[in-house]
Amino acid sequence: MSYPYQIKSFEEYKSVYNKSVMDPEGFWGDIAGHFYWRKRWDKVLNWNFKDPKVEWFIGGRLNITENCLDRHLGSLGNKPAIIWEPNDPEEHHRILTYRELHTKVVQFANVLKNNGVQKGDRVCLYMGMVPELAIAVLACARIGAIHSVIFGGFSAQSIADRLMDAQAEYVITCDGAYRGNKEIPLKSVIDDALVQCRFVKRVIVLTRTRTPVSMIKGRDVWWEDEIRKVETMGNPDCPAEEMDSEDPLFILYTSGSTGKPKGVVHTCAGYMVYTNYTFVNTFQYQPGDIHFCTADIGWITGHSYIVYGPLSAGATTLLFEGIPTWPDAGRFWEVVDKYKVNVLYTAPTAIRSLMGFGLGPLQGKQLSSLKVLGTVGEPINEEAWHWYNENIGKGRCPIVDTWWQTETGGVLISNMAGVTPAKPSYATLPMPGVQPVLVDENGKEITGNNVSGNLCIRFPWPSIIRTTYGDHERCRTNYFSAYENMYFTGDGCYRDEEGYYRITGRVDDVLNVSGHRIGTAEVENAINMHAGVVESAVVGYPHDIKGQGIYCFVIFQGSHGDENLNRQDITQTVSRIIGPIAKPDKIQFVPGLPKTRSGKIMRRILRKIAEGEMENLGDTSTLLDPAVVDEIKKGKL
Ligand code: WT7
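Residues numbered from 1 in each chain as written. Predicted model: local features only at pLDDT ≥ 70, side-chain atom pairs only at ≥ 80, totals over all residues. Heavy atoms only, no water.

If you check an unreviewed UniProt entry, the protein appears there as Acetate--CoA ligase from Flavihumibacter fluminis. According to its UniProt record, the protein has this under Sequence similarities (unreviewed entry): "Belongs to the ATP-dependent AMP-binding enzyme family." (UniProt positions renumbered as here; feature names shortened; annotations may be inferred.)

(A) Quick peek at the overall build of the protein. Assigned secondary structure in the protein consists of 19 helices and 30 strands. Computed over the C-alpha atoms, the radius of gyration of the protein is 24 Å, within 12% of the 26 Å expected from 2.2 N^0.38 for a compact globule of 637 residues. Overall, the C-alpha framework of the protein stretches about 75 × 60 × 55 Å when taken along its three principal axes. Looking at the protein alone, contacts between residues at least 24 apart form 70% of all its contacts between residues at least 6 apart. In the form shown here, the protein has an accessible surface area of approximately 23700 Å², with 49% of it arising from carbon and sulfur atoms. When the 67 positive and 74 negative side-chain charges of the protein are each reduced to one mean point, those points stand 2 Å apart. (Helix = DSSP H or I, 4+ residues; strand = E, 2+ residues; numbered from the N terminus. Rg over C-alpha atoms; globule rule 2.2 N^0.38 Å. Contact = heavy atoms within 4.5 Å. Areas by Shrake-Rupley, 256 points an atom, 1.4 Å probe, with all protein chains shown as cover. Lys, Arg positive; Asp, Glu negative; His and termini not counted. Charge placed at Lys NZ, Arg CZ, Asp CG, Glu CD.)

(B) Representation of the packing of helix α5 (residues 98–114) against helix α9 (residues 223–233). Contact geometry for α5 and α9: axes closest at 9 Å, N-to-C directions at 100°. Here α5 lies roughly perpendicular to α9, going by the angle between them. Two secondary-structure elements touch here, α5 through Q107, F108, N110, V111 and N114 and α9 through W223, E226, I227, V230, E231 and M233. Tallied by class, the residues present in the contact of α5 with α9 amount to six nonpolar, three polar and two charged. (Axes fitted to C-alpha atoms, helices over the stretch in contact; angles between N-to-C directions. Parallel < 35°, antiparallel > 145°, perpendicular 65-115°, else oblique. Nonpolar A, V, L, I, M, F, W, Y, C, P; charged D, E, K, R; others polar.)

(C) Fine view of the site of the ligand. Not every one of the 17 residues close to the ligand is listed here, only the nearest: D401, T402, T406, D491 and R517. Within the contact set of the ligand, a nitrogen atom lies 2.8 Å away from a backbone nitrogen or oxygen of T402. At 3.4 Å, a side-chain N or O of N512 approaches an oxygen atom of the ligand. Relative to its free-state accessible area of 560 Å², the ligand is covered by the protein chains to the extent of 96%. (Near = heavy atom within 4 Å. Polar contact = N/O pair within 3.5 Å; in protein donor to acceptor, adjacent residues only side chain to side chain.)

(D) Spatial organisation of the UniProt feature "domain: AMP-dependent synthetase/ligase" (unreviewed entry) in the protein. As annotated in UniProt, the feature "domain: AMP-dependent synthetase/ligase" (unreviewed entry) corresponds to residues 75–460 in the numbering used here. Annotated as 31% helix and 22% strand, the span residues 75–460 places its first and last C-alpha atoms 34 Å apart.

(E) Geometry of the domain arrangement of the protein. Domain annotation for the protein reports domain 1 (77–241) and domain 2 (512–634). With centres defined by C-alpha atoms, the gap from domain 1 to domain 2 works out at 37 Å. Of the residues lining the interface, six residues belong to domain 1; the matching set on domain 2 comes to seven residues. Carbon and sulfur atoms make up 56% of the surface buried where domain 1 meets domain 2, a total of about 500 Å² over both sides. (Domains from an automatic or database assignment. Buried area = accessible area lost by both parts, 1.4 Å probe.)

(F) Main features of unusual backbone geometry. Of note, the amide linkage connecting D51 to P52 takes the cis form, showing an omega dihedral of -10°. With respect to the secondary-structure elements, P52 resides in the loop between β1 (43–48) and β2 (53–58). Looking along the chain, the bond that leaves W326 and enters P327 is cis, with omega of -5°. Mapping P327 onto the fold places it in the loop between β17 (316–320) and α12 (331–339). Look at K340: it is not a glycine, yet its phi comes out positive at around 55°. If you trace the backbone, K340 turns up in the loop between α12 and β18 (343–346).

(G) Just the environment of L367, in detail. Mapped onto the secondary structure, L367 falls in the loop between α13 (348–355) and β19 (372–376). Each C-alpha atom of the pair L367 and G393 lies 7.7 Å from the other, and the pair is 26 residues apart in sequence. Apart from residues lying up to four places away in sequence, L367 is in contact with W333, V336, L362, N391, I392, K394 and R396.

In structure tokens, the structure reads:
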């Protein structure tokens, strides 16, 4: 593979960027010409942000898996597509060449068909980080089924909510998953979820941990048995379904400022073109490089930069089942050394956590293969940036700070490794085709440099969110109604004297805990379900490793007087309702919450208290009962 659209210098970036803004259709049309289409598009773009309605490569026909697999078979058939490193370093790793991956995807696509899955059906994937997860994702795409991957850290209740929202009739899972020294009983969690989801027709279960599982007759089947069936059927092929550019490719649920997670919908062509383009340019991928993105495929980062971006570019992508701190805090470095990783893409929270172990775990690890480092998910503090740069990159690997979102599909603002300038804690400059705008509270654009505001984007890029599944109005109100004719990101942002962007964090009620997005309203709903809880308010506070921690103010009228036990009970409830990833860090019992006369909780005050800025609470005169603030301050944890 060669990448004629890979930008090679800052000068070239500037001229490409200019072209992308002056003539977006010409620009993206040229890029799209490098892919394999069953039929070329008739028109590049149709859009309005009012409805909103955005369509890219209109009339085009394609299948993303032909671009990720089939088209590479000639030249890259024997090259590794996926390298899989298991949780346990003693277990044997696996390498799948493009040919092998193609064969497995085709096989599993036939399994899906045999089990009744058709184009447009929603298929939920709840699996650990095993190659079969990537295979299942691609097999869905092969036959035009819409995959919806759910991260293994979500509870049965969260899965049930998502299955119902997506009306997913098919589930693919594993008996269990390994993560560090833990074994997560995935199938058993699915069983709990399905009690509420009688509409699920089929569950396909991959064997991974050999955890005993219950298999329901007529509903549950083993992955391995189903593969054997298609093997004996004789016809090993599964022609790719011809998809329209704008057919949905997947749904991925993410948290917003309301209680209910939303199903972000991405479509086939635009998502493919944009993830490929940003993969090739941000990381400056060179043929033969080993790309290691440490995210889980359950998040958008894994979708775009473990699976679709790299594979559409014919790259070698490393899929790691485990966690950075098991068996010890040198695991990432061991993996880098073992496979001679060239690009390492991880999250600030992982860097901060590994920093805490000092330089010992780096002893004896060869990191000289590394060429490019990346970070994603939350703002990176300067200390972590410098640690990453000095100790991992040894001062010779550019760090790309990639800002984007589930809704954006791919990286929107980032430097390009070694091509455009880096600046610690800055995402720096927009990708070609991306037009950022800063606006004030009144929706007025803030021009010039050295200014802060709410970050919006004024023009569509190919992988912009198309809708929230089953509720288009929600998509409109969430992203396109705050500011007219603009996509609102929910992030605050500073533009420095040179025009470089620095993301300062969410300005809505969304928390970013260890790079995971969690809505405060979601956590509140879960806490409020606990017996004895009268009311609660949840805010974020700065946390050394997680970035943000979850601070809960709770009015409690439980029966037994053991505060600590009550805290643990509430934590259990949150874990049951949302999942372990949303567990509160601090629970403070309070006699009341600061409310305005109209009954609105003044979160601003609670946020300040949680941050420990007691002196600086601002105007509290509009509160119904200002005295409650002093009570809360006294009990601060
Ligand atoms: C939110 C999106 C898309 C990757 C994973 C997160 C924050 C993401 C950065 C960055 C500062 C960042 C933003 C954004 N964020 N990347 N490089 N610098 N903040 O996806 O779960 O949809 O969360 O993550 O606040 O809005 P997500």
